[in-house]
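Structural characterization, general
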Amino acid sequence: MAKNHRRWFVAFATPYLGDDPIEVSAGLGDYAAEWLEHAPRMTLTEADPGRLLALKERFSANHEVTIRELMLPSDETGGHSAAISYNVLEHIEDDIGALRTMRSLVRPGGHVVVVVPAFPFAMGPADIATGHVRRYTRKTMRIALTRAGLEIEKLHYANSLGLIGYYVSTCLLRQLPGPGPMVKFYDSTVAPVTRLMERVVRPPFGQSVIAIARRPVN
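First, a word on scope: everything that follows refers to the structure included in this document. No experiment lies behind these values; they were computed from the predicted model shown.

**Description of the pairing of strand β3 (residues 65-69)**
Alignment of strand β2 (residues 42-46) against β3, held across 5 bridges, turns out to be parallel. Note on β3: the bridge partner recorded for Leu44 is Ile67. Once you follow β2 into helix α3 (residues 49-58) and on to β3, the crossover reads as right-handed.

In structure tokens form, the structure reads like this:
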């Protein structure tokens, strides 16, 4: 994974982790490995058996990490300080149900941090190949979070230049994302420049929608 991009996106959730966060669909644990520097303990979940095994192997020496299976949506509940979900909801037909599960996994006042791909016009072969069923806008994400019973604290786009590059490469040139010169150039040059720009001005568009929400206290 592109290191500069990952560090940029890690920072969106870091202030909201609290003392006992849970990551929903943690993949191979690349984000979690960095969040663990900021949280005393963490629970990582996966629905895919292969990735679940990889997580157990990767974090086997860390006794502050709990690994378990979780399929969304679910009726499971918990008392976590935060639930984090990066690039997961776009794969799930019942995204409202998935968000309600995340709401139920955190204690009252706990945060739900979600990152999803933005703008339906950018849905192309790469999305279909990776199992995406939708892309979001700020409006559709606001509706989904509200219907799931969450209070929105922040909702914005990120990675404006990344969206342009993604659309050109995957929708116009019909390429599939993967390691190569374009990814290296993006991570070494485009991502750092875009991150600096967006610290000053929130863009009106981006490759991702970033949502910070909270389970109501009452």
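**Some details on the nonpolar core**
Ranked by internal contacts, the top residues of the largest apolar core, which has 32 residues, are Leu89, Leu99 and Met141. For this core, the secondary-structure elements that each account for two or more residues are α4 (95-105), β5 (106-117), α6 (138-147), β6 (151-158) and β7 (208-214). Contact partners of Leu89, with chain neighbours within four places excluded, come to Asp95, Ala98, Leu99, Met102, Val114, Val116, Arg134, Tyr136 and Met141. Counting residues in hydrophobic clusters, the runner-up holds 30 residues, among them Leu17, Met42, Leu52 and Val65.

**Things to note about the layout of surface pockets**
Any space left empty among the atoms is revealed by the rolling of a water-sized probe across them. Empty space within the second largest pocket amounts to approximately 240 Å³. Together, Trp8, Ala11, Phe12, Pro15, Tyr16, Lys154, His156, Arg195, Glu198, Arg199, Arg202 and Ile212 line the second largest pocket. For the lining of the second largest pocket, the elements supplying multiple residues, two or more each, are α1 (3-13), β6 and α8 (181-200). Taken together, the residues that form the lining of the second largest pocket break down as 6 nonpolar, 1 polar and 5 charged.

**Re the environment of Arg134**
Topologically, Arg134 is positioned in the loop between α5 (125-129) and α6. Looking at Arg134, the relative accessible area reads 18%, which means it is buried. Separated by 14 residues in the primary sequence, Arg134 and Pro120 place their C-alpha atoms 6.8 Å from one another. Discounting chain neighbours no more than four positions away, the residues touching Arg134 are Leu89, Glu90, Ile92, Glu93, Asp95, Pro117 and Met123. There is a polar contact of 2.8 Å between the side chain of Arg134 and the backbone oxygen of Ile92.

**Some thoughts on the packing of α4 against α6**
Two numbers describe how α4 lies on α6: the axes approach to 8 Å, and their chain directions differ by 55°. The orientation of α4 with respect to α6, classified from their angle, is oblique. The chirality of how α4 crosses α6 is right-handed. Contacts between α4 and α6 pair Asp95, Ile96, Leu99 and Arg100 from the former with Ala144, Leu145 and Arg147 from the latter. Residue composition of the contact of α4 with α6, by class: 4 nonpolar, no polar and 3 charged.

Criteria and cut-off values
Residues numbered from 1 in each chain as written. Predicted model: local features only at pLDDT ≥ 70, side-chain atom pairs only at ≥ 80, totals over all residues. Heavy atoms only, no water. Pairing = 2+ DSSP bridges. Helix = DSSP H or I, 4+ residues; strand = E, 2+ residues; numbered from the N terminus. Right-handed = clockwise from strand over helix to strand, strands pointing away. Core = buried A, V, L, I, M, F, W, Y, C linked by side-chain atoms within 4.5 Å. Buried < 20%, exposed > 50% of the residue type's maximum accessible area, 1.4 Å probe, protein only. Contact = heavy atoms within 4.5 Å. 1 Å grid on protein atoms, 1.4 Å probe; cavity = no way out; pocket = protein on both sides within 12 Å on 5 of 7 lines; lining within 4 Å. Points joined across faces, edges and corners; volume = space filled by probe spheres on them. Nonpolar A, V, L, I, M, F, W, Y, C, P; charged D, E, K, R; others polar. Polar contact = N/O pair within 3.5 Å; in protein donor to acceptor, adjacent residues only side chain to side chain. Axes fitted to C-alpha atoms, helices over the stretch in contact; angles between N-to-C directions. Parallel < 35°, antiparallel > 145°, perpendicular 65-115°, else oblique. Left-handed = near helix turned anticlockwise from the far one by under 90°.

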